[in-house]
4 protein chains.
Amino acid sequence: MNPSSTYAKFGDLVQIVSSTNKMYFFRLTPGMQLQTHRGVIQHDDLVDISWGSQIYTHIGSPHYLLQPSLADLINEIKRNTQIIYPKEVGFILVTMNIGPGTQVVEAGSGSGALTTALAWAVGEEGRVSSYEMRADMQNLAEKNLKRVGLSDRVDFKLRDISEGFDERNVDALFLDVPTPHHYMEQVRATLKPGGYFGSIVPTTNQVSDLLMALHRYDFAFVDVCEILLRYYKAVPTRLRPTDRMVAHTGYLVFARPMLPAEPPNKNDSGTSSEPETAFEEDD
Amino acid sequence: MNPSSTYAKFGDLVQIVSSTNKMYFFRLTPGMQLQTHRGVIQHDDLVDISWGSQIYTHIGSPHYLLQPSLADLINEIKRNTQIIYPKEVGFILVTMNIGPGTQVVEAGSGSGALTTALAWAVGEEGRVSSYEMRADMQNLAEKNLKRVGLSDRVDFKLRDISEGFDERNVDALFLDVPTPHHYMEQVRATLKPGGYFGSIVPTTNQVSDLLMALHRYDFAFVDVCEILLRYYKAVPTRLRPTDRMVAHTGYLVFARPMLPAEPPNKNDSGTSSEPETAFEEDD
Amino acid sequence: MNPSSTYAKFGDLVQIVSSTNKMYFFRLTPGMQLQTHRGVIQHDDLVDISWGSQIYTHIGSPHYLLQPSLADLINEIKRNTQIIYPKEVGFILVTMNIGPGTQVVEAGSGSGALTTALAWAVGEEGRVSSYEMRADMQNLAEKNLKRVGLSDRVDFKLRDISEGFDERNVDALFLDVPTPHHYMEQVRATLKPGGYFGSIVPTTNQVSDLLMALHRYDFAFVDVCEILLRYYKAVPTRLRPTDRMVAHTGYLVFARPMLPAEPPNKNDSGTSSEPETAFEEDD
Amino acid sequence: MNPSSTYAKFGDLVQIVSSTNKMYFFRLTPGMQLQTHRGVIQHDDLVDISWGSQIYTHIGSPHYLLQPSLADLINEIKRNTQIIYPKEVGFILVTMNIGPGTQVVEAGSGSGALTTALAWAVGEEGRVSSYEMRADMQNLAEKNLKRVGLSDRVDFKLRDISEGFDERNVDALFLDVPTPHHYMEQVRATLKPGGYFGSIVPTTNQVSDLLMALHRYDFAFVDVCEILLRYYKAVPTRLRPTDRMVAHTGYLVFARPMLPAEPPNKNDSGTSSEPETAFEEDD
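About the thresholds
- Residues numbered from 1 in each chain as written.
- Chains lettered and ligands numbered in written order.
- Predicted model: local features only at pLDDT ≥ 70, side-chain atom pairs only at ≥ 80, totals over all residues.
- Least-squares fit on C-alpha atoms with pLDDT ≥ 70 in both.
- Contact = placed C-beta atoms within 7 Å.
- Core = buried A, V, L, I, M, F, W, Y, C linked by C-beta atoms within 7 Å.
- Buried ≥ 20, exposed ≤ 12 C-beta atoms within 10 Å, placed from the backbone.
- Axes fitted to C-alpha atoms, helices over the stretch in contact; angles between N-to-C directions.
- Helix = DSSP H or I, 4+ residues; strand = E, 2+ residues; numbered from the N terminus.
- Parallel < 35°, antiparallel > 145°, perpendicular 65-115°, else oblique.
- Left-handed = near helix turned anticlockwise from the far one by under 90°.
- Nonpolar A, V, L, I, M, F, W, Y, C, P; charged D, E, K, R; others polar.
- Pairing = 2+ DSSP bridges.

> Which parts of the structure should I look at to understand the relation of the copies chain A and chain B?
Each of the two copies of the chain can be brought onto the other by a rotation about an axis and a shift along it. With an RMSD of 0.1 Å, the fit of chain A onto chain B corresponds to turning through 180° and sliding 0.0 Å along the axis. What the superposition gives is, in effect, a two-fold axis relating one chain to the other. Across chain A, the rotation axis passes nearest the C-alpha of A:Gly90, at a separation of 1.8 Å. A share of 100% of the interface residues of chain A reappears at the interface of chain B, consistent with the copies meeting face to face through the same patch.

So, in structure tokens, the structure goes:
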């Protein structure tokens, strides 16, 4: 998404930030120009300029030239529809072990915020399948992924997931849908045993419903949590939290599908005579 | 680190979890055996077994066979020395845009928890340089990275970072040291303009010190925050938060180094006659 | 409970705190002695000593002489059974308007922590009725109230509250019982219209049950909240939160019983011809 | 402030709440009328009506008749200037043991929100002295206290507290001023040893300054904390926290002034030969 480059080139995704923190995201294209609220910037003038440089519009208004971060892109997408914030995205990636090479399924695509993060994290060797019921949302998600140059890592599928997923034995599966507890059978058919299941739901009632379904379908290592992110006013001599904060985006639920098994040789052998309690437990 | 496989093979990093949640991490090796507190498991018996399977020791005690997640590995390393938790790691990766292909520098290595996450996230095309002053800590970090098979993506360097970093124009640089504000000159020499700087410090006094230093060295987009992670008891009919939680690991500070510049054509041309206030601001 | 005095007198409730923060609570009595882990203190030696004084045991171990605060006493009672902390108690008093002269009913008494706070806050003109089903708990609560000299403001009643409360038109009623939603009829019979109802429950399922019951029984101004209290290590040059904190005691639910009424003169008069929409709404 | 009555009488402080949650606070007076945005209510029509009743304006718009709670009154005052919320007020009262009969000093008066709570809590036997430098703020605070009928429990004093307080040996003293660390000498001269000191400051830097001053002036039992209050949407089938919350009002600092003393008989007797370590510590 962002090459490890030092200078801007044609084709790069760039972010321009004004002195009033107004942000513009676009791809650098020969002959194009950016119309800001405080003057015009020619794309051609940005080529071979160092990232981080202060640049000026034709009327002298200062801006910064940056490579956008994943968090910036997610925040921008979020403005429309999305409940997942960067604070959740990072934790989801790390907890569900979604990194270079991972095969992931998600539903629904929504506006593509989480899809962007997944496609970014799995790299070129990984693969994301993103299911969505509504054609308009799917179009929006695809558009957002194309804009950041990650759409070729994603298979967008327009489908009601009650009909099941196409994939088998994927490493991780994330549900951002209103009733995740309805789709446990479909999840189990697609997610490999020992893989990572995750979901985000806004209400405690949905958490309870999902926990019951996970239990019925032999999931273990179930975790429910919420993440609170508190920002500070970055003034060294008057350091203090901001006045207000986001109190809730959703409850995160994680679990791993298991394969329960009967103990081998259940009714034979001398081992059963060895009492289990003979072994000390130290944790 | 974890291949997208469905069955365990020799050479895989595996995690065995007992019914009392005791965990064992090791690499699957022909002829070896795991001594648990409740009996023995032969490595050979795990080959070609599906991930997520319930398996049994020689005395019939049930365990699960899993691929360890990044979060599990970080938590295990953390038990020794580390203040960075998975909740911080995920947010650091997303905020500092550390993904496949990124060039990162960190100091100090500590026991290698963040190093593990960085090496995992940057993939095979990325690169991590990890600086540490203490030889014993460096050895521990290297050992931990080797164990998870990620050490070949990391350059470990034994050095006091007041002497500077070797790298130039890296994408991201993270400091987990007691006095990050002392090293801003070294950071600027290594981190590319517009790149991502991050640090974690436990006290408010250190935050104030760091904010002053960042200001002196032309950093912008400075963010200070803390992440609170609250777990719930996953009982659907009695859903409630756990009784106690981690109240503090550290304050996260992020910033991006800028290249301030004088406005071009400052004292000429007709553009200056166009008043800046003629442009409306809409955000 | 604590007279506005400057010097300790016989009959005063005192708190002795050792240099290792071990606390002793007792009433100052002629001829008695306190056996601490670091020596003996004679009650007689404390008379006419200023509150806040450093005093010494017979072997020279330093202690402080204090009047105990309500929070100290609640915390001490809490060690046994109680889920209500001082952070909740203060908010309950202020939100339910429980101050000098208030008539309050509570159930169950538990070990008397909230009872102590209520009896303290209502003063000599107020009155507390405290219901409890278990005789052993009632005895404990009474003993705790006697010890702090507040038992004469409390009527302890041993009863299953499904049989109803004796009082009528009380100002405030608090339920700390497992199924508060079962007792709405009894609450309405006792709490005056417009009075203050409060409850604390540990799980989200109980909150949902209670909300449904409150709705059925014409309560309005319903608030659900939780209070998080975060302590800091009080070191000026290394200021930071403590490592761990209490993540949950319970959800607080507050509501006020209403008397819905039909509009007067519903079908007559010229006022109905005046359209309501003629009046502007400004909030 | 609010009599334990069941029906409204002339002279009572009443709260009228519209169906859109618009609130009116006033004292019931013969012949007066309330002009709401949705019609008129005659004071005379409210006399002998039960608290909690639904009442109607002359054009049939429904409202509720209530006794205002302390929290309502504080919230209403707060809208102007105040940083102290009910969540802090309750904790301050309980922690500083401010109840019926307590003698309290506070500075500054501000708009009188905390003054109201203090005057309410100390009852008729207690006493509050409230210092303020600015005449306009003092007038506002007095007006607010008169309105709720508590001004006769408060001595308002217009003074820079660097000149000291008039009172001696008060039970509790609270500072809500920008530089509380400047007034420790004045605090010690007025607050009785073992009494309760409290303060609220918005920044971490002020906390550090205050902690240093408290240490110099022999305060002990120093606590620093912050209170987070999280509200929920009270919908039983979709229970969830509100989207946003107050992230910070201020840091609370509590401490108690001590009288350090030399051990008696320091250099004599056989007791010194008894080693302190002979006594076991059990906490």
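> What is the right way to read the nonpolar core from this model?
One broad rule of soluble globular proteins: the nonpolar side chains tend to lie buried together. Judged by nonpolar contacts, the single largest core of 153 residues is most densely connected at A:Ala117 and B:Ala117. The residues contacting A:Ala117, other than those within four sequence positions of it, are A:Leu70, A:Ile74, A:Val89, A:Leu93 and B:Val94. Within the second largest apolar cluster, 151 residues are counted, among which are C:Phe174, C:Tyr196, D:Tyr131 and D:Val201.

> Sorry, what's going on with the packing of helix H2 (residues 86-95) of chain C against helix H2 (residues 86-95) of chain D here?
Relative orientation and spacing of two packed helices are given, respectively, by the angle between their axes and the distance between those axes. Remark: H2(C) packs on H2(D), axes separated minimally by 7 Å, with the N-to-C direction vectors making an angle of 110°. The orientation of H2(C) with respect to H2(D), classified from their angle, is roughly perpendicular. Classified by chirality, the crossing of H2(D) by H2(C) is right-handed. Every residue of H2(D) that contacts H2(C) at C:Pro86, C:Lys87, C:Val89, C:Gly90, C:Phe91, C:Leu93, C:Val94 and C:Thr95 is listed here: D:Pro86, D:Lys87, D:Val89, D:Gly90, D:Phe91, D:Leu93, D:Val94 and D:Thr95.

> Help me out: how do you make sense of the interface of chain A and chain B in this one?
Accessible area lost during the coming together of the parts is what is often quoted as the interface size. With 86 residues of chain A at the interface, the matching set in chain B holds 86 residues. At 12 residues, the largest contribution of residues to the side of chain A that touches chain B is made by strand E12 (residues 219-233) of chain A. Looking at the side of chain A that touches chain B, its residues break down into 42 nonpolar, 29 polar and 15 charged. Pairing geometry for E12(A) and strand E12 (residues 219-233) of chain B, over 9 bridges, is antiparallel. Directly across from A:Cys225, in E12(B), lies its bridge partner B:Tyr231.

> Help me understand the sheet that holds strand E1 (residues 13-18) of chain C, please; the structure alone is not making it clear to me.
The pairing of strands in a sheet happens through backbone hydrogen bonds and is either parallel or antiparallel. Residue and element names in this part refer to chain C. If you trace the 4 strands from one edge of the open sheet to the other, you get E2-E1-E6-E5, paired in antiparallel fashion. Two strands lie at the open edges of the sheet, namely strand E2 (23-27) and strand E5 (54-56), each paired on one side alone. Averaged over all pairs of adjacent strands, the angle between strand axes in this sheet comes to 35°, irrespective of strand direction.

> I tried to follow the sheet that holds strand E5 (residues 54-56) of chain B on my own but got confused; where do I start?
Residues and elements named next belong to chain B. With antiparallel pairing, 4 strands are arranged side by side in an open sheet as E2-E1-E6-E5. Unpaired on one side and paired on the other, strand E2 (23-27) and E5 mark the two borders of the sheet. The mean angle between the axes of side-by-side strands here comes to 35°, regardless of whether they run parallel or antiparallel. With 5 bridges joining them, strand E1 (residues 13-18) and E2 adopt antiparallel strand pairing. Pairing of Val 14 across the sheet is with Phe 26, part of E2.

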